[in-house]
Amino acid sequence: VGIVNRRITLAARPVGEPTEADFALVEAPVPELGDGEVLVRTRWLSLDPYQRGRMSSARSYAAPVELGEVITGEAVGEIVESRTRRHSPGELVVGPFGWQEWATARAGSLRAVSGAAPPSTSLHVLGMTGLTAYFGLFDVARPRPGDTVVVSAAAGAVGQVVGQLARMTGCHTVGLASAGKLEDLTETYGYDTAIDYRREDLAAALKAACPHGADVYFDNVGGAVSDAVSRRLAVGARVAVCGLVSQYNLAEPELAPRNLGFLIVSRVRMEGFLVTDYRHRFPEGLGRLQRWVEEGRLTYREDVVEGLEQAPRAFIGLLRGENRGKLLVKVADA
Ligand SMILES: NC(=O)c1ccc[n+]([C@@H]2O[C@H](COP(=O)([O-])OP(=O)(O)OC[C@H]3O[C@@H](n4cnc5c(N)ncnc54)[C@H](OP(=O)(O)O)[C@@H]3O)[C@@H](O)[C@H]2O)c1
């Protein structure tokens, strides 16, 4: 009663790169709780490139955010009130709470936060981005020991996990990132080779890093980077198309990869995937990821900004590569 719910809504559909004027910080009453629902206080908010797609009205796999609506997003929250027997106040849960301080959600949309690790990891290495790396690599790309695995946006949330899982499989790992993150690639995530994808001689660098070609390409970015990698694929290579972050702010996507001949020459299998299609296997993925974190075999980096009001600026920076690790907003303290 009397508590204000601060929320960030879509003020305008971004054209090209989003600006802060595309978002509005508004105050609303704390939402009313319905039967079968919980009231949650948001603690951690996950910022993700896919949210750019939700801000656009173009056809996608999920409905867009309407103007004036709260921006959608996964978050960790604490249950404050419950009208379902499945959950009690005090529990920490992951759910689709959106960019706001208070939210209601149905019990069926919630996942328990792993008690063994800090709650924020349930949005990253023990959550959506870790699962994306796990299923995208093992189920879609299917690496074998000795394979050369190339990863784009390799220092990002998904990419940092992919590189480590590929290395654990016995692969030779090559990570692409912007210049300031190369040390993280080799020192923190164990990539064998780190390449600044903005350098002029990217093709030569890829050739040197993959003398026998790339057997796996885990693609997070698309565009010119993927065009260059596609020319280095080995016969029988697998390309897991995870994301196309280089394209999300473009009104017209680039015409890349320019030459699909590589599919024929190297008999490549290129396959897109959505992590949510693996929902029935999340317990398997989370169980393994958690064990590897506990054993110290899988590390992770979070990039935390404080305060809900910082979310738009941080999100704009995410699409520019300003994040160093998984981008999270700390909305409230415990
Ligand atoms: N299919 C699925 O189910 C699924 C699930 C989760 C995420 N994804 C996708 O996975 C990708 C990575 O997501 P994330 O959450 O891990 O984000 P992230 O990698 O932590 O952040 C995005 C990164 O993309 C890089 N980037 C931005 N513009 C670029 C460009 N023009 N060319 C090359 N790289 C660029 C930047 O790193 P640099 O500093 O290195 O440029 C930036 O840090 C995204 O494409 C996302 O949509 C897909």
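All values reported here derive from a predicted model rather than from experimental measurement.

What counts and how
- Residues numbered from 1 in each chain as written.
- Predicted model: local features only at pLDDT ≥ 70, side-chain atom pairs only at ≥ 80, totals over all residues.
- Heavy atoms only, no water.
- Helix = DSSP H or I, 4+ residues; strand = E, 2+ residues; numbered from the N terminus.
- Buried < 20%, exposed > 50% of the residue type's maximum accessible area, 1.4 Å probe, protein only.
- Contact = heavy atoms within 4.5 Å.
- Areas by Shrake-Rupley, 256 points an atom, 1.4 Å probe, with all protein chains shown as cover.
- Lys, Arg positive; Asp, Glu negative; His and termini not counted.
- Charge placed at Lys NZ, Arg CZ, Asp CG, Glu CD.
- Core = buried A, V, L, I, M, F, W, Y, C linked by side-chain atoms within 4.5 Å.
- Axes fitted to C-alpha atoms, helices over the stretch in contact; angles between N-to-C directions.
- Parallel < 35°, antiparallel > 145°, perpendicular 65-115°, else oblique.
- Nonpolar A, V, L, I, M, F, W, Y, C, P; charged D, E, K, R; others polar.
- Near = heavy atom within 4 Å.
- Polar contact = N/O pair within 3.5 Å; in protein donor to acceptor, adjacent residues only side chain to side chain.
- Phe/Tyr/Trp six-rings, centres within 6.5 Å; stacked < 30°, edge-to-face > 60°.
- pLDDT = per-residue confidence, 0-100.
- Pairing = 2+ DSSP bridges.
- Salt bridge = Lys/Arg side-chain N within 4 Å of Asp/Glu carboxyl O.

1. Some remarks on the overall build of the protein chain
Helices and strands together make up the secondary structure of the protein chain, namely nine helices and 15 strands. Expressed as lengths along the three principal axes of its C-alpha atoms, the size of the protein chain is roughly 65 × 45 × 30 Å. A buried classification covers 51% of the 334 residues belonging to the protein chain. Taking the contacts inside the protein chain whose residues are at least 6 apart along the sequence as the reference set, 67% of them involve residues at least 24 apart. Of the roughly 15100 Å² of accessible surface on the protein chain, a fraction of 50% belongs to carbon and sulfur atoms. Once the 37 positive and 40 negative side-chain charges of the protein chain are each reduced to a mean point, those two points are 5 Å apart.

2. Section: the nonpolar core
Judged by nonpolar contacts, the single largest core of 35 residues is most densely connected at Leu137, Leu165, Phe218 and Leu289. Among the secondary structure elements, those contributing two or more residues to this core are helix H2 (128-141), strand E8 (148-151), helix H3 (157-168), strand E11 (214-219) and helix H8 (282-294). Top element by residues in this core is H2. It accounts for seven residues. Dropping the residues within four chain positions of it, Leu137 is found in contact with Thr132, Arg142, Pro143, Val149, Val162, Leu165, Ala166, Val216 and Phe218. Val38, Phe97, Ala105 and Leu319 belong to the second-largest nonpolar core, a separate cluster that totals 27 residues.

3. Digging into the packing of H2 against H8
It is at 10 Å that the axes of H2 and H8 come closest, and there the two elements cross at 105 degrees. Overall, the two elements H2 and H8 adopt an arrangement that is roughly perpendicular. Of the residues in H8, those touching H2 at Gly130, Leu131, Tyr134, Phe135 and Phe138 are Phe282, Glu284, Gly285, Leu286, Arg288, Leu289 and Trp292. In terms of residue class, the contact of H2 with H8 is made up of eight nonpolar, two polar and two charged.

4. A closer look at the site of the ligand
Surveying the vicinity of the ligand reveals 27 residues, the closest of which are Ser178, Lys181, Tyr197, Val275 and Asn323. Within the contact set of the ligand, a nitrogen atom lies 3.0 Å away from a backbone nitrogen or oxygen of Cys242. Of all the elements in the fold, those that place two or more residues in the shell around the ligand are H2 and H3. A class-by-class count of the residues in the shell around the ligand yields 17 nonpolar, eight polar and two charged.

5. Details of the packing of aromatic side chains
Geometrically, a pair of aromatic rings is defined through the distance of the ring centres and the angle of the planes. Scanning the model with the defined rule gives nine aromatic pairs in all. An aromatic cluster is present here, built from Tyr134, Phe135, Phe138, Tyr278, Phe282 and Trp292 joined pairwise through their rings.

6. Section: unusual backbone geometry
Of note, the phi angle at Ala153 is positive, near 45 degrees, even though the residue is not glycine. Structurally, the position occupied by Ala153 is in the loop between E8 and H3. According to the relative accessible area criterion, Ala153 is partly exposed, its value standing at 29%. For Arg267, which is not a glycine, the phi torsion comes out positive at approximately 45 degrees. Looking at the element boundaries, Arg267 is found in the loop between helix H7 (261-265) and strand E13 (269-272).

7. Considerations on the confidence of the model for the protein chain
Residues of the protein chain with pLDDT of at least 70 account for 99%, and the chain-wide mean is 96. Element-level pLDDT for the protein chain is lowest in strand E7 (residues 111-112), with a mean of 94, against a maximum mean of 99 in E8.

8. Things to note about the sheet that holds strand E10 (residues 193-196)
The six strands are arranged E10-E9-E8-E11-E12-E13 in an open sheet whose pairing can be described as parallel. This sheet does not close on itself; its edge strands, each paired only once, are E10 and E13. If you compare each strand with its neighbour and ignore which way they point, the axes differ by 15 degrees on average. Examined bridge by bridge, strand E12 (residues 233-241) and E13 share four bridges and lie parallel to one another. Among the inter-strand pairings, Arg238 is bridged to a residue of E13, identified as Arg269. Strand contacts of helix H5 (residues 202-209): strand E9 (172-177) and E10, with the helix running at about 175 degrees to E10, the strand carrying the most contacts. In the packing of helix H6 (residues 223-230) onto the sheet, the strands contacted are E8, E9, E11 and E12, and the crossing angle to E11 comes to about 170 degrees.

9. A short note on the pattern of salt bridges
Opposite charge on two side chains allows them to pair when their charged atoms are near. Scanning the entire structure with this criterion turns up 21 salt bridges. Here Arg320 ties to Glu17 by a salt bridge, and the two come within 2.7 Å at their closest N and O atoms. Taken together, the residues Arg320 in the loop between helix H9 (311-318) and strand E15 (326-330) and Glu17 in the loop between strand E1 (4-10) and strand E2 (23-29) connect sequence positions 303 residues apart. According to the relative accessible area criterion, Arg320 is partly exposed, its value standing at 43%. Arg269 is the salt-bridge partner of Glu271, the closest N and O atoms lying 2.7 Å from each other. Through salt bridges with shared partners, a single ionic network connects Arg6, Glu101 and Glu309.

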